[in-house]
Amino acid sequence: MKKIFFSVVLLAAVASNLKAQDFFSYWGDRWDAYVSAASSAPAFLLQRYFNQEVSVEEMKEAFHLHKDDGADASIYAVFDSVSGLRNSLMLVSPLQRHPDKKVRECRGVWSATRQLTDLVDKNGKSQPQLLEKLNKNGKTQWLDGERLRLTEPRSYMGFTVSPCVCWEILQEGKPLADARTEADCPDFFSYAEVTTMTLDGTWDSHIQSGARLLGAMCGLDYAPLRGDQGERSFSVLLYQKPTPARVKYLDRPYALELLEPADADKETRRLFEALQSFVASLPDKTFKPYYTTDFRVMTGRYYRVTVNKCGWLVEDYLKK
């Protein structure tokens, strides 16, 4: 049903000669609802923890280093983890403040109810006796203070990222204050692709279908190749322009870099420039930022683009 709905929307758009730059107003309430829900981390968290951005050059270098990576090692191997309806990685943990060095050197496994259920040492071995010792006095002062989590983190070109940041401060083991970002979907395309919002799935459940929608929207302005032109594929980095540039280009906040092929032919270059023009027309907040485990903000998206006589296909490099 969802795919049928999506096809109907596209057919209606084409039939009415809708242009990509008008597409956001065409979505109407859907775009308004997305914008009202889209939020970055609260200002105090950006100042305290996420006060640097991953540079465009570093994102480009990361692509060439990691584009062919296979299965990644567990992203929870170093950090505390929280299991529950939404798994989390804990960047700031009460264990980091414990007076016992043996405890500080362990990785904690926490339940959704803030109970420490396991301690794992640097060799990956569980330490039940150390855990038992801690749980005998679970309301000790070291449990108080800040906890900072990334929800459902994912590996992305050598970075570990999530659009969902959760922060809380505990007093006597109970939450005193909390703040979080809203990120059921990390961009408008994956948000618009979902016809019925549900509680199941994760923030990246519709990343790929959203990327396909991005390609379909680009195709409203830029025709596919003719049958005798074959097929072209290329990889790009989409990113939000750095802060100084956004002062000047508030209405055109996104840019595109060609990552490969390095020796793109004339037709590939023309297609890249078409997508580049489309991306430049996207309104602010179309993409939400990712937050990384090294306490930075990452605005980039890595896409593989294929164009042939059937149209534009865009695929995100993000892996489950």
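Just so it is clear, the structure is predicted and the values come from calculations on it, not from any experiment. (Residues numbered from 1 in each chain as written. Predicted model: local features only at pLDDT ≥ 70, side-chain atom pairs only at ≥ 80, totals over all residues. Heavy atoms only, no water.)

## As for the overall build of the protein
- Along its length, the protein carries 11 helices and 15 strands.
- Within the protein, residue pairs in contact and separated by at least 24 positions form 67% of the contacts whose partners lie at least 6 positions apart.
- As displayed, the protein offers around 16,500 Å² of accessible surface, 51% of which is attributable to carbon and sulfur atoms. (Helix = DSSP H or I, 4+ residues; strand = E, 2+ residues; numbered from the N terminus. Contact = heavy atoms within 4.5 Å. Areas by Shrake-Rupley, 256 points an atom, 1.4 Å probe, with all protein chains shown as cover.)

## Description of the packing of aromatic side chains
- In the structure shown here, the tally under the stated rule is 17 aromatic pairs.
- Members of the aromatic cluster, each reached through a chain of ring pairs, are Trp31, Tyr34, Phe188, Phe189, Tyr191, Tyr254 and Phe287.
- The positively charged end of Arg30 is found above the aromatic ring belonging to Tyr191, 4.7 Å away from the centroid.
- Positioned above the aromatic ring of Tyr290, the side-chain terminus of Arg301 is 4.0 Å from the ring centre. (Phe/Tyr/Trp six-rings, centres within 6.5 Å; stacked < 30°, edge-to-face > 60°. Lys NZ or Arg CZ within 6 Å of the ring centre and 35° of its normal.)

## Comments concerning the pattern of salt bridges
- Applying the stated criterion across every chain, the model contains 13 salt bridges.
- Among the salt bridges present, the one from Glu58 reaches Arg296, with a minimum N-O distance of 2.8 Å. Of this pair, Glu58 sits in helix H5 (residues 56-66) while Arg296 sits in the loop between strand S12 (290-292) and strand S13 (297-298), placing them 238 residues apart in sequence.
- According to the relative accessible area criterion, Glu58 is partly exposed, its value standing at 29%.
- With its nearest N and O atoms 3.1 Å apart, the salt bridge here joins Arg232 to Asp265. Here Arg232 is found in strand S10 (residues 232-240), whereas its partner Asp265 is found in the loop between strand S11 (254-260) and helix H11 (266-280), with 33 residues between them in sequence.
- The network of salt bridges with common partners includes Glu57, Lys60 and Glu257. (Salt bridge = Lys/Arg side-chain N within 4 Å of Asp/Glu carboxyl O. Buried < 20%, exposed > 50% of the residue type's maximum accessible area, 1.4 Å probe, protein only.)

## A few points about the side chain of His98
- The residue His98 is located in the loop between strand S2 (88-92) and helix H6 (101-104) in this model.
- From its side chain, His98 meets the backbone nitrogen of Asp100 in a polar contact 2.9 Å long. (Polar contact = N/O pair within 3.5 Å; in protein donor to acceptor, adjacent residues only side chain to side chain.)

## Concerning the sheet that holds strand S14 (residues 301-308)
- On the basis of which strands lie adjacent, the open sheet formed by 4 strands has the order S11-S10-S14-S15 and antiparallel pairing. At either end of the open sheet lies a strand with only one pairing partner, and these are S11 and strand S15 (311-316). Shown here is a sheet whose adjacent strand axes are inclined to one another by a mean of 30°, direction ignored.
- Note: S10 against S14, 7 bridges, orientation antiparallel. Residue pairing for S14: Val236 is matched across the bridge by Tyr303.
- This element, helix H9 (residues 207-221), spans S14 and S15 of the sheet and lies at about 150° to S15. (Pairing = 2+ DSSP bridges. Axes fitted to C-alpha atoms, helices over the stretch in contact; angles between N-to-C directions.)

## Observations concerning the sheet that holds S12
- Judged by pairing direction, the sheet is antiparallel, and its 4 strands sit side by side in the order S6-S7-S12-S13 without closing on themselves. Looking along the sheet, the strands with just one partner apiece sit at the ends: strand S6 (154-156) and S13.
- Note that strand S7 (residues 159-162) and S12 share 2 bridges and pair antiparallel. What sits directly across from Ser162, in S12, is Tyr291.

## Some details on the confidence of the model for the protein
- With 83% of its residues at a pLDDT of 70 or more, the protein has an overall mean of 84.
- Low pLDDT (under 50) marks residues 1-16, which in the prediction has 18 contacts with non-local residues, meaning those over four places away or in another chain. (pLDDT = per-residue confidence, 0-100.)

## Topic: the pairing of S15
- Pairing between S14 and S15: 6 bridges, direction antiparallel. In the sheet register, Tyr303 faces S15, and the bridge partner there is Asp316.

## Comments concerning the nonpolar core
- Of all hydrophobic cores here, the largest spans 35 residues; its most connected members are Phe234, Val236, Leu275, Tyr303, Val305 and Trp312.
- At the level of elements, helix H3 (29-37), helix H8 (188-193), H9, S10, S11, H11, S14 and S15 are the ones that each hand at least two residues to this core.
- Top contributing element to this core by residue count: H11, with 6 residues.
- Those residues within four positions of Leu275 in sequence are excluded, and the remaining contacts are Leu214, Cys218, Phe234, Val236, Leu256, Val305 and Trp312.
- In terms of nonpolar packing, the next biggest core, distinct from the first, is built from 20 residues, Met157, Phe159, Val161 and Trp203 among them. (Core = buried A, V, L, I, M, F, W, Y, C linked by side-chain atoms within 4.5 Å.)

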